[in-house]
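One-letter residues, chain by chain:
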Amino acid sequence: MGYLRSRRRDTGHRRTKETVVLKWRGNPWAVLVTLSLGFFMTLLDLTIVNIAIPDMINGLGASLDQTLWVVSAYALALSVLLITASRLGDMRGPRNLFAAGLVVFTLASIACGFAPNAAALIAARAVQGLGAALLVPQTMTLIVSVFPASRRGSALGIWGTVAGLATLSGPTLGGILVSAVGWRWIFLVNVPIGIAALVLTFLIVPDIRPARTHRFDLMGVLLATATLFCLAFGLQEGEHYHWGPGIWALLAAAAALAVGFLLHQRGRQDREPLVPFALFKDRNFTVMTVLVGLVSIAMLGLALPFNLYLQSVLHMSAMKAGLVLAPSSLVSMALGPFAGRMSDRIGGKYLLITGLALYASGILAIALIAGPATSWYAFVPATLLTGLGVGCIVAPMSAEAMRNVPPRLAGAASGVNNTVRQIGSVIGAAAVGALVQGQLSAGISAGRSYSAAFLATLHSTVALPIAVLMAGLLACLLIRNHTKPRTPATTRPTPATATPPATPAATPPAEVDLRTGQAVGATAAAGPADRKTP
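Computed from a predicted structure; not experimentally measured.

The next point concerns the side chain of Gln128. Relative to the assigned elements, Gln128 resides in helix α6 (residues 118-146). Looking at Gln128, the relative accessible area reads 0%, which means it is buried. In this structure the side chain of Gln128 is engaged in a polar contact, spanning 2.9 Å, whose partner is the side chain of Ser109. Once residues within four sequence positions are removed from consideration, Gln128 is found in contact with Asp45, Tyr74, Phe105, Ala108, Ser109, Cys112, Phe187 and Asn190.

See below:
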C-alpha cells in the first residue's frame, strides 16, 4: 500500500508540473520574460565591459588598443550580422534561432571568463557577438507574433525598457562585479542566466513557423555584411589609424556597397528581399528607425565621457562610478512599462517629445554640475532627469516602430531596427572617442592640467548628444499619433430610416492557440502561420 501511495504521489506531482508548464507555454507575458532574459544579457555586454578596461589591462598584461578591441569585436560582429540573422529566423523559426543564439552566447561567455590572454578574449568576444546577433532580432519578431495588437505597445514598451536598462545599468553592475569578485565575472555572470533562458525557451516559447518556405538572398546577405563591416570597422578604428587614407577608403567602400545593396534589394522586392521597402511606407516606422539610431548615439555620447570623468578626474572606484549612474537606471526601469501602456492609450508622439527634452536637459545639467571636485550626490537630480527621459523614450519608440508592421514583415523590421540601433552605438562611440581624444590632447598640449583639460573636453563633448536628441525631437513632429479608440458606455439604436446600406463584413483573422499550435476560429482553414510546440 505504501508503494501504491508513493506511486500516486509521484504521478500526481508529475501531472501538476506538466499542468504548470502547459499553463505557461505560449502565455505572452511568460514568453516576454524569457525573451527579455536573453535580450538583456546581449545589450548589457555592450556597456558592462567599458568600466572594466583598467582591470583587464592589468590582469591580461594587454595594451590599451587590445583592450579596446575587446569592446569593438563584440559590437562589430553584432552589428554586421543582425540583418542576416533576422532572415534566418524567418526561414528556420525565430525560437530556434533564439535558442541557438543563447547556446553560442553562453559558451562564448565561458570562454571570455577563462581567456588566458587578450587575443583569446577578443576572439571569444567576436563569437559572443555572433550569438547576440542570432538571438536579438528574434525577440521583437516573437513579441509581435504572440501579442495581440491591443497589447503590443505595452509588451514592446517593456522590451524597450529592458534595452534601455541594459545599456544604462552596464556600468553600475560592471563596477560592482569588478570591485567585488574581479573582471572575469562580468562574463561568467551570463552563464546561469543563459542556461535559465534556454530551458525556459523550450518550455514556454512557441515554435512559430511560416506557412510558406522563405528564400535566402545570398547576394543580399553578402552585400549587407560587407557594407556593415566596412562602415563599423572604419568608424571604430578611425581614431586609432588617425583617419588615414585606409580608413577613408573603407568608408567610401561602405557607401558604394550600400548603393549596390539598395539597388539589389530594389530588384528583389517581389522575391523576399532582406529589407522590404514596404516597411518604409509606414511613416512612423521610418521616423522610429531614424530615432533609434539617434538615441543610441546620444546614450554612448553621455556614457563614455561621463564614466571617464568620474574615474579619472574624481578618482572614483569602478563600483562608486557605477552607483552614481544607478538612479538613472532605476527610474528608467520603473517608468518604462508605464510609458509603454500610455503609448497604447494616447500614442507615443508626445511621450517621445517629452522624453527627448528631459534627456537632453539631464545631460546639460550633468555638464554644468561637473567640476574638479564635485560630490557624488550633486549628480543625483541630473541622473534622475536622464532616467525620466530614457523611460519616456525607449518604450514608446519600440511600440511605435512595430505598431503597424504586419507579422509577416516582423523579422525584417526587427533586423532593420536593431541594426540601426547598433550602428548608432558604433557611430556614437567613434564620434565621442575621437572628440575626447582630440580635445584632451589639445588641452594638455596647451599647458592645462589633465583635470582641467578633461573638464573642458566634457563640457564641449556633451554638445553632440544634446544636438542629436534635439534632431530626434524635431523628427518626432512627423509622427502620426495613435490613440486607442474608446468604447462608448451606451449604444443608441439607429433609426431604421438612417440605417446605412449593409457592407460585407471583413473576414476575421485566423487565431492560433499558442499552447497547441492549432488554428481556431472561423477562418482556421485560411492558412495561418504554423505554430509547433516543443
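Following the structure, the description resumes.
For the rest of this paragraph, the subject is the nonpolar core. Residues Leu121, Phe306, Tyr309, Leu310, Phe379 and Met402 are the most contacted members of the largest nonpolar core, which totals 136 residues. Considering every element that reaches this core, the biggest residue donor is helix α12 (residues 283-313), with 15 residues.

What follows concerns unusual backbone geometry. One non-glycine residue, His315, adopts positive backbone phi at about 55°. Its place among the elements puts His315 in the loop between α12 and α13 (318-324). The exposed category is assigned to His315, whose relative accessible area is 65%.

The next thing to look at is a nonpolar patch on the surface. Residues Val103, Leu107, Ile110 and Phe114 make up a contiguous nonpolar surface patch of roughly 380 Å² in combined accessible area. Within the fold, Ile110 resides in helix α5 (residues 94-113).

Moving on: the environment of Leu330. Its location among the elements puts Leu330 in helix α14 (residues 326-346). Here Leu330 falls in the exposed class, since its relative accessible area comes to 52%. Residues Leu330 and Leu165, 165 residues apart in the sequence, show an inter-C-alpha distance of 8.0 Å.

Attention shifts here to the packing of aromatic side chains. In the structure shown here, the tally under the stated rule is 11 aromatic pairs. With 5.7 Å between their ring centres and 80° between their planes, Trp376 and Tyr377 make a pair best called edge-to-face. Judged by relative accessible area, which is 44%, Trp376 ranks as partly exposed. Judged by its relative accessible area of 53%, Tyr377 falls in the exposed class.

Reading guide: rules and limits
Residues numbered from 1 in each chain as written. Predicted model: local features only at pLDDT ≥ 70, side-chain atom pairs only at ≥ 80, totals over all residues. Heavy atoms only, no water. Helix = DSSP H or I, 4+ residues; strand = E, 2+ residues; numbered from the N terminus. Buried < 20%, exposed > 50% of the residue type's maximum accessible area, 1.4 Å probe, protein only. Polar contact = N/O pair within 3.5 Å; in protein donor to acceptor, adjacent residues only side chain to side chain. Contact = heavy atoms within 4.5 Å. Core = buried A, V, L, I, M, F, W, Y, C linked by side-chain atoms within 4.5 Å. Patch = residues over 30% accessible without salt bridge, like charges linked within 9 Å, V, L, I, M, F, W, Y side chains within 5 Å. Areas by Shrake-Rupley, 256 points an atom, 1.4 Å probe, with all protein chains shown as cover. Salt bridge = Lys/Arg side-chain N within 4 Å of Asp/Glu carboxyl O. Phe/Tyr/Trp six-rings, centres within 6.5 Å; stacked < 30°, edge-to-face > 60°.

Note that every value here comes from positions in space, so none of it alone points to a role or purpose.
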